[in-house]
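Close look at the chain arrangement
So the chains spell out like this:
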Amino acid sequence: MLVKDFMIREVFIARPDFTLKEILRILIDNKVGGVPVVDEHDKLLGMVTDGDILRYLTPAEEAIMGYFTYITVLPGEELDEKVTSKMNDKVSQIIKNKRITKLSPEDPLDELIKVLSKHHFKKIPVVDNNDKVVGIISRGDALRALYKEFVQKLE
């Protein structure tokens, strides 16, 4: 069984200049947990997930700054302030990971399982030979494929 046999082909995408508000709307309206970020030629630049957004919006921790014996405690930014101030930030500011994990439609199921278990990703973009996004695959897709390929045959 290959990735192309069970990947999701209808992929919602984001561009680097999309705002956080636009990304949230895509995720909520389409009930997805992440989208590939692509350039104007639909080539993969990265992924932005619900987890990335939550980490980006996490209120700043209190910081202690010392200058010799003088210590100042700076209060953390409140969540409502952080969310409000970040809504127009660009997706390019949220993407942190420079290394992109991706799969090919021709990769076997066991390669997908290795990647998901090694990196703890929930979603992985599937790209063609030109790095153009052609699908996306999630942990749930992998579990359904395992069930279909192995468990159903035992029943």
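Quick summary incoming for the structure in this document.

Definitions and limits used
- Residues numbered from 1 in each chain as written.
- Predicted model: local features only at pLDDT ≥ 70, side-chain atom pairs only at ≥ 80, totals over all residues.
- Heavy atoms only, no water.
- Salt bridge = Lys/Arg side-chain N within 4 Å of Asp/Glu carboxyl O.
- Helix = DSSP H or I, 4+ residues; strand = E, 2+ residues; numbered from the N terminus.
- Buried < 20%, exposed > 50% of the residue type's maximum accessible area, 1.4 Å probe, protein only.
- Contact = heavy atoms within 4.5 Å.
- Pairing = 2+ DSSP bridges.
- Arc of directions from axis to C-beta.
- Core = buried A, V, L, I, M, F, W, Y, C linked by side-chain atoms within 4.5 Å.
- Patch = residues over 30% accessible without salt bridge, like charges linked within 9 Å, V, L, I, M, F, W, Y side chains within 5 Å.
- Areas by Shrake-Rupley, 256 points an atom, 1.4 Å probe, with all protein chains shown as cover.

1. Side note on the pattern of salt bridges
Side-chain pairs of opposite charge can arise whenever the charged atoms involved come near each other. On inspection of all chains with the given rule, the structure shows 6 salt bridges. Of the charged contacts, one joins Arg15 and Asp42 as a salt bridge, the two residues approaching to 3.1 Å between their closest N and O atoms. With Arg15 in the segment before helix H1 (20-30) and Asp42 in the loop between strand E1 (34-38) and strand E2 (44-49), this residue pair connects regions lying 27 residues apart in the sequence. We classify Asp42 as partly exposed; its relative accessible area is 27%. With its nearest N and O atoms 2.9 Å apart, the salt bridge here joins Asp131 to Lys102. Placement of the pair is Asp131 in the loop between strand E5 (123-127) and strand E6 (133-138) and Lys102 in the loop between helix H4 (91-94) and helix H5 (109-119), with a sequence separation of 29 residues. You can call Asp131 partly exposed: its relative accessible area is 23%.

2. Overview of the environment of Leu109
Secondary-structure assignment places Leu109 in helix H5. Along the sequence, Leu109 and Phe6 sit 103 residues apart, while their C-alpha atoms lie 9.4 Å from each other. Here Leu109 is in contact with Met1, Phe6, Ala142, Ala145, Leu146 and Phe150, once residues within four sequence places are set aside.

3. Describing the pairing of E1
When you tally the buried positions in E1, you get 5 out of 5 residues, the bulk of the element. Between E1 and the antiparallel strand that follows it, E2, lie 5 residues; Asp42 among them carries a positive phi value of about 65°.

4. Here's the deal with H5
Within H5 the residues assigned to the buried category are Leu109, Leu112, Val115 and Leu116. Seen along its axis, H5 keeps its buried residues to an arc of 125°; they face one direction. Those residues of H5 that are buried lie in contact with E5, E6 and helix H6 (139-154). At the C-terminal side of H5, His120 shows a positive phi close to 60°.

5. Here's the deal with H1
Restricting attention to buried positions, one finds in H1 the residues Leu20, Ile23, Ile26 and Leu27. Within H1, the buried residues cover an arc of 125° as seen down the axis, which keeps them to one side. Those residues of H1 that are exposed and angled more than 90 degrees off the buried face are Ile28 and Asp29. At the exit of H1 stands Lys31, carrying a positive phi of roughly 50°.

6. Observations concerning the environment of Gly34
With respect to the secondary-structure elements, Gly34 resides in strand E1. Residues Gly34 and Ile136, 102 residues apart in the sequence, show an inter-C-alpha distance of 9.5 Å.

7. Overview of the nonpolar core
Here is a general trend for soluble globular proteins: nonpolar side chains tend to be buried in one another's company. Counting residues in each nonpolar core, the largest one holds 15 residues, and the members touching the most others are Leu20, Ile23, Val35, Val37, Val48, Ile53 and Val91. If you list the elements that add at least two residues to this core, you get H1, E1, helix H2 (50-57) and H4. At 4 residues, the largest contribution of residues to this core is made by H1. What Ile53 contacts, discounting residues up to four positions off in sequence, is Leu20, Ile23, Leu24, Leu27 and Val48.

8. Structural notes on a nonpolar patch on the surface
Side chains of Tyr147, Phe150 and Val151 sit close together on the surface and give an oily, nonpolar patch of about 270 Å² of accessible area. You can see Phe150 is positioned in helix H6.

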